[in-house]
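Given next are the chains, with one letter for each unit.
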Amino acid sequence: MEALYGALEAGRVGIFESPTGTGKSLSLICGALSWLRDFEEKKQQEEARILAPEASGQEGKTQPASASAGPGHPESSGAAGEPEWVTAFVQKKEEQDLVDRLKEEQIRRKKREERLERIRHNVQLKYAAKRKRSEEDETKRLLQLSKEVFSEGDGVDVLEQLDHNEEELILAEYESDEEKKVVYGLEADDDDLEEEHVTKIYYCSRTHSQLSQFVHEVQKSPFGKETRLVSLGSRQNLCVNEEVQRLGALQLINDRCMEMQKNKHEKKSHEENEGKKRRVSRTVCPFYSYEQMQFLRDEILVEVKDIEQLVALGRETKACPYFGSRYAIPAAQLVVLPYQMLLHEPTRSAAGIKLKDQVVIIDEAHNLIDTITCIHSAEVSGSQLCCAHSQLLQYMERYRKRLKAKNLMYIKQILYLLERFVAVLGGNVNQNPSCQAVSQTGTVLKSINDFLFQSQIDNINLFKVQRYCEKSLISRKFFGFVERYGGTATAVKTNKENQKLAGLQNFLLTLQQGPNKDGTPQSPPMEAESDQLRTASPLMQIEGFLSALTNANQDGRVILNRQGTVGQSSLKFLLLNPAVHFAKVVEECRAVIIAGGTMQPVADFREQLLSCAGMDPARVMEFSCGHVIPPENILPIILCNGPSNQQLEFTYQTRDLPQMMDETGRILCNLCNVVPGGVVCFFPSYEYEKQVYAHWEKMGLLARLAAKKKIFQEPKKASQVEQVLVEYAKCIKRCSQAGGQMTGALLLSVVGGKMSEGINFSDDLGRCVIMVGMPYPNIKSPELQEKMTWLDRTMPRAAGQAPSRVLIENLCMKAVNQSIGRAIRHQKDFASILLLDHRYARPATFNKLPQWIRERTQVKPAFGSAFAEIRKFHRGKLDAL
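Because the structure is a prediction, the values reported are computed rather than measured. Within every chain, residues take consecutive numbers counted from 1 along the sequence as written. Side-chain atom pairs in this predicted model are given and counted only at pLDDT of 80 or more, local residue features only at pLDDT of at least 70, and totals for whole chains, interfaces and linings cover all residues. Note that the side-chain values use all heavy atoms of the structure and ignore hydrogens as well as water.

K.L.:
Help me understand the overall build of the protein in this model?
P.N.:
By the criteria applied, helices consist of DSSP H or I runs no shorter than four residues and strands consist of E runs no shorter than two, each listed in order from the N terminus. Helix and strand counts for the protein stand at 36 helices and 18 strands. The 881 residues of the protein split such that 49% are buried. In the protein, once contacts between residues fewer than 6 apart in sequence are set aside, the share between residues at least 24 apart is 81%. The buried label goes to any residue with under 20% of its type's maximum accessible area, the exposed label to any with over 50%, and the partly exposed label to all in between, with areas taken from a 1.4 Å probe on protein chains only. Only heavy atoms matter for contacts: two residues are in contact if any of them lie within 4.5 Å across the pair.

K.L.:
What should I look at first to understand the sheet that holds strand β9 (residues 570-575) in this one?
P.N.:
Neighbouring strands of a sheet are bound in pairs by backbone hydrogen bonds; such pairs are parallel or else antiparallel. Any two strands with at least two DSSP-identified bridges between them are counted as paired. Read from one edge of the open sheet, four strands run β6-β9-β8-β7, paired in antiparallel fashion. Here the strands that pair on one side only, and so sit at the sheet edges, are β6 (378-381) and β7 (442-447). Averaged over all pairs of adjacent strands, the angle between their axes in this sheet comes to 15°, without regard to strand direction. Looking at chain direction, β6 and β9 are connected through four bridges and run antiparallel. Within the sheet, the bridge partner assigned to S381 lies in β9 and is S570. Axis angles are defined between N-to-C directions and span 0 to 180 degrees, where every axis is a line fitted to C-alpha atoms and, for a helix, only to the segment in contact.

K.L.:
What's the story with the nonpolar core in this structure? I'm lost.
P.N.:
Taken as a class, soluble globular proteins show a tendency for nonpolar side chains to be buried jointly. Judged by nonpolar contacts, the single largest core of 65 residues is most densely connected at I362, L368 and F582. If we skip the residues at most four places from it in the chain, L368 touches L343, I362, F582, I594, F605 and L609. In this text, buried Ala, Val, Leu, Ile, Met, Phe, Trp, Tyr and Cys residues form a nonpolar core when linked through side-chain atoms within 4.5 Å. The next biggest cluster of nonpolar side chains, apart from the first, holds 47 residues, and it includes F712, M788, I820 and A823.

K.L.:
Help me understand the pairing of strand β16 (residues 768-772), please; the structure alone is not making it clear to me.
P.N.:
Within a regular strand, the side chains alternate between the two sheet faces. Here β16 lies mainly inside the structure; five of its five residues are buried. In this sheet, β16 lies alongside strand β13 (residues 677-683) in parallel orientation, the contact comprising four bridges. In the sheet register, V679 faces β16, and the bridge partner there is C768. Looking at chain direction, β16 and strand β17 (residues 831-836) are connected through five bridges and run parallel. In the sheet register, V769 faces β17, and the bridge partner there is I833.

K.L.:
Help me out: how do you make sense of the side chain of S205 in this one?
P.N.:
Relative to the helices and strands, S205 is located in strand β2 (residues 201-205). There is a polar contact of 3.0 Å between the side chain of S205 and the side chain of Q210. Those residues in contact with S205 that lie beyond four places of it in its chain are Q210, L211, L337, P338, Y339, D363 and E364. Whenever a nitrogen or oxygen atom comes within 3.5 Å of another N or O atom, the pair is scored as a polar contact, on the condition that within protein one atom can donate a hydrogen and the other can accept it, and that pairs from neighbouring residues in sequence are kept only if both atoms are in side chains.

K.L.:
Any chance you could explain the packing of helix α18 (residues 405-424) against helix α25 (residues 538-548) here in plain terms?
P.N.:
Packed helices, taken two at a time, are described by their axes: the angle between them and the distance between them. Running from N to C, α18 and α25 point in directions that differ by 85°, and their axes come no closer than 12 Å. As summarised for this structure, α18 and α25 are arranged roughly perpendicular, according to the angle between their axes. From α18, I414, L417, L418 and F421 reach across to α25, where they touch L539, I542, F545 and L546. Each residue gets one label: Ala, Val, Leu, Ile, Met, Phe, Trp, Tyr, Cys and Pro are nonpolar, Asp, Glu, Lys and Arg are charged, and the others, such as Gly, are polar. When the residues that make up the contact of α18 with α25 are grouped by side-chain class, the tally is eight nonpolar, no polar and no charged. Angle categories are assigned with fixed cut-offs, so that under 35 degrees is roughly parallel, over 145 is roughly antiparallel, 65 to 115 is roughly perpendicular, and the rest are oblique.

K.L.:
I would appreciate a short explanation of the packing of helix α17 (residues 382-399) against α25 in the present structure.
P.N.:
Interaxial distance between α17 and α25 falls to 9 Å at its minimum, and their mutual angle equals 115°. Comparing the axis directions of α17 and α25 gives the class roughly perpendicular. Viewed along their axes, α17 and α25 form a crossing whose handedness is left-handed. For the pair α17 and α25, contact is made by Q384, L385, C387, A388 and Q391 and by P538, L539, Q541 and I542, respectively. Of the residues in the contact of α17 with α25, the class split is six nonpolar, three polar and no charged. For a crossing to be left-handed, the near helix must be turned anticlockwise from the far one by less than a right angle; the clockwise case is right-handed.

K.L.:
Whenever I open this one, the pattern of salt bridges confuses me. Can you help?
P.N.:
For side chains of opposite charge, pairing can occur when their charged atoms come near one another. Every case where a carboxyl oxygen of Asp or Glu lies within 4 Å of a side-chain nitrogen of Lys or Arg is listed as a salt bridge. Under the counting rule described, the total for this entry stands at 18 salt bridges. Across the pair K24 and E364 runs a salt bridge, and its minimum N-O distance is 3.5 Å. Of this pair, K24 sits in helix α2 (residues 24-55) while E364 sits in the loop between β5 (359-362) and α16 (368-375), placing them 340 residues apart in sequence. With relative accessibility at 11%, the residue K24 sits in the buried group. For R767, the salt bridge is made with D764, and the minimal N-O distance between the two is 3.0 Å. Using a relative accessible area of 5% as the deciding quantity, one classes R767 as buried. One continuous salt-bridge network, built from bridges that share partners, spans K24, D363 and E364.

K.L.:
Whenever I open this one, helix α32 (residues 782-794) confuses me. Can you help?
P.N.:
One full turn of an α-helix is made of 3.6 residues, so residues set three or four places apart face in the same direction. Over its 13 residues, α32 runs 18 Å from end to end, which matches the ideal 18 Å to within 8%, given 1.5 Å per residue. For α32, the set of buried residues is L784, E786, K787, M788, W790 and L791. Elements in contact with the buried residues of α32: β7, β8 (556-562), α27 (603-611) and α33 (803-820). Any helix carries an expected span of 1.5 Å times its number of residues minus one.

K.L.:
What's the story with helix α36 (residues 863-880) in this structure? I'm lost.
P.N.:
An ideal rise of 1.5 Å per residue puts 26 Å on 18 residues; α36 measures up with 26 Å between its terminal C-alpha atoms. When we look at burial in α36, the residues that qualify are F863, A866, F867, I870, F873, H874 and K877. An end-on view of α36 places all buried positions within 130° of arc, on one side of the element. In α36, the exposed positions that point more than 90 degrees away from the buried face belong to K872, R875, D879 and A880. Looking at the packing, one finds that the buried side of α36 touches β12 (634-639), α28 (658-674), β17 and β18 (858-860). Note that the arc is computed from the directions linking the helix axis to the C-beta atoms.

K.L.:
How do you make sense of unusual backbone geometry when you look at a structure like this?
P.N.:
As a rule of thumb, non-glycine residues mostly have phi less than zero, and peptide bonds are mostly trans rather than cis. Of the consecutive residues Q600 and P601, the connecting peptide bond is found in the cis state with omega at -10°. By the element assignment, P601 lies in the loop between β10 (591-596) and α27. We note that E364 has phi near 50°; this positive angle belongs to a residue other than glycine.

K.L.:
Teacher, can you tell me more about the packing of aromatic side chains here?
P.N.:
For any pair of aromatic rings, the description rests on two quantities: the centre-to-centre distance and the angle between the ring planes. Each aromatic pair joins two rings of Phe, Tyr and Trp (for Trp, the six-membered one) with centres within 6.5 Å, and gets the label stacked for planes under 30 degrees apart, edge-to-face for over 60, and tilted for any other angle. Evaluation of the coordinates by the stated rule reveals 18 aromatic pairs. Their ring planes at 35° and their centres at 5.4 Å tell us that F16 and F623 sit as a pair that is tilted. Linking F16 in strand β1 (residues 13-17) with F623 in strand β11 (residues 620-624), this pair joins segments that are 607 residues apart in sequence. Residues Y203 and F214 carry aromatic rings whose centres are separated by 3.5 Å and whose planes lie at 5° to one another, so their mutual orientation is stacked. Placement of Y203 in strand β2 and of F214 in helix α7 (residues 208-220) is noted, with a sequence separation of eleven residues between them. Comparing Y203 with F214 shows no difference in burial state: the two are buried. Among the aromatic residues, those joined into a cluster by ring pairs are Y288, Y322, F323 and Y327. For a ring to carry a charge above it, either NZ of a lysine or CZ of an arginine must fall within 6 Å of the ring centroid while also lying within 35 degrees of the normal to the ring plane. Seen from the ring of Y322, R326 lies directly overhead, with NZ or CZ sitting 3.6 Å from the centre. Of note, R767 hangs over the ring of F830, and the distance from its end group to the ring centre comes to 3.7 Å.

K.L.:
What am I meant to see in the sheet that holds β13 here?
P.N.:
The sheet built from seven strands is open, its strands ordered β14-β15-β13-β16-β17-β12-β18 with parallel pairing. Across the chains shown, the open sheet's two edge strands, defined by having one partner strand only, are β14 (709-713) and β18. Adjacent strand axes in the sheet meet at a mean angle of 20°, parallel and antiparallel pairs treated alike. Docked against the sheet, helix α30 (residues 701-708) engages β14 and β15 (744-750), running at close to 115° with respect to β14. The sheet strands contacting α36 are β12, β17 and β18, and the helix crosses β12 at an angle near 165°.

K.L.:
Looking at this structure, I do not really get the side chain of Q358. What am I missing?
P.N.:
Note on placement: Q358 falls in the loop between α15 (345-350) and β5. Take Q358: its relative accessible area is 4%, and that puts it in the buried class. In this structure the side chain of Q358 is engaged in a polar contact, spanning 2.8 Å, whose partner is the backbone nitrogen of K200. Those residues in contact with Q358, other than ones at most four positions away along the chain, are H197, V198, T199, K200, Y202, C589, R590 and A591.

K.L.:
What am I meant to see in the environment of P796 here?
P.N.:
Assignment of secondary structure puts P796 in the loop between α32 and α33. Expressed as a C-alpha distance, the spacing of P796 and E607, which sit 189 residues apart in the sequence, is 9.3 Å.

So yeah, pure geometry; function would need other evidence.
Right, here's the structure in full:
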């Protein structure tokens, strides 16, 4: 807490490591909010000092000094060569402006505090607001009923009604930012919802569950009642409009919400044009209005609430939590939000987040570099490109006469881009992508400029196209069109020949599959993407890819992945330099704290993020604390040789040898005899785990293991992980209660898999964690090779090692540290940790282990001494229990 307080006070960038179970969240809360409280007190004292002379009537005391340089006196020169009376006047003006600004801030702060205090203590005010909303709802319902009664006998023509429904699918006239600046979300008279931003702390983490856990810690802390906290989330998490929520896909929910906001602002102008042609009434969101937003904003600030409580409040008050939370940001002291919302600049801007002179704390930051890379990377398949081209072409043909010239121009540009992207993959947009074989398969990496030249699209301004896609809501309109005419729009039907070919292929497929049990022919299997089209348009993924292509040429690469057919091929943008997107965060903020339970090795953060972002090394500080568990509660061992004295070195060349797999099996058999409860064994990959499992089964080692521990394997499907963990936990509990020969369970997991991060193997669930070999990444991966080449070209050598080699080592050890960190989860927990590979003992590798493990690790050349230590450790713990 002291280190954190000091970093915030000095405006540093801190890398903080505090193991799980040491109270990291509470330390961040107390240290940061203590600093914020003291900072606000100092600021108010300074304001009082500046305003004190004016309050005591000493406002005009500086007047005579400037009067001496008046018209009746000879002009004397100031330091800048200007008359002294001019310099004095400017200084006086600046002082007065500062005083006026401080006065305004004081008035605003006082008004806000009084308003929140009234809401906090005046329950009657809440009930009055609720009653008023109920009355408004009843009035709206009666008006709707009366409209329905009057319209029953109108006999509206069905064709006209269909045309009215289709009005919503037609793009509105587009005006670029240069022509008109349009801001949706606030009405002209909604200025009262916007306030000046106070100094605040932005706290972000990976998942909504982690954020909710953090908010609950704030609620329990000494700062719980006095902190103005706002929880931010996506529309998918915060929207209370059931009609919009039913859309499912995040992008569709975003687009629909934005369209409703747009309709809200267009409503008045439509109502004024009564004499003109009748127009369809556009849908507006019933959960958004000025009074609702004002009330919800204040309710959010009065009491600390997590996402679930915020949504419940939104439903109760019939107000939108998504916008309510955003209007509360300026006055908030602590803003809790997911990674993507802070690290992605367009999302940050849309949410109204201003980082200037603020504090940012990024928790669970061990994967920060990968997270930034993933957020700003994009991939589209050949099927998506062809599908989008077909749908967009049909959309343009249907509404050509209704679309404005600028819309037509941009749609034609997008069609041309899609055509060229498919051509680069070796296909033709006018043919079925699943039927077009690719002549030259393989993976090719290109710079952005080379890709644009090869695609022949270097003459198109992608910035303008991307901005058009974002502002015109084309993906939303496009989805409405696909949703309505899905049967015809999803298929590629540009000429009769293609239709016949597709029909013939479907017929042949039914013949190949044979009839169902009831005698009817089976329908051809639909591709996975066809199901996705019902929930999202491929144009949304393509928008992301176009946005990625606007990165600087040196900061990314385009990967052309040509597979068997054009449909299976893909284009992917790979971000090489995550620092370009992190630089603005570091530059604007007063201080940035990067925190996590396992941050080692920290060289990646220093070199790839901070140095590349132009950060002064003197501004960066590191802090790492030990664990709260006593030294005798953990036994980390590096084992160099197995029971038959076979050296343990799991390289790609040696790990497949039968003797290496046999030795690993013998080590586990011995350990399962003496370790109670659960044993978790991590393998470098799913393939190697399966290979070892099959070998053990063949050699009879699996049966020996199963006699002591029931064996579980980590599933590849995320949906099955929970079930496996539940069964694993039940088995351990059952064995500990029943006694007998079976002492628990053995879980075979994979480094970087579903169970190596975020899973809690506390107490009996993980009494021993075993790491088989060193999980180096696949250096044959084209993406990793390009990253390594880029690092060697742009980064200096460290201690004689090439940056690419350092990257490989760091990726390996980061994965190891995350996996072995599953063992100890609280102060009274205990476990043994076994690293099976002599290479862990090398100084360069050893020093990349977490400090709290490193200082207690024993290196054992022989298995016998290691086994004796482990048996003694667990027997001692069982006796103590």
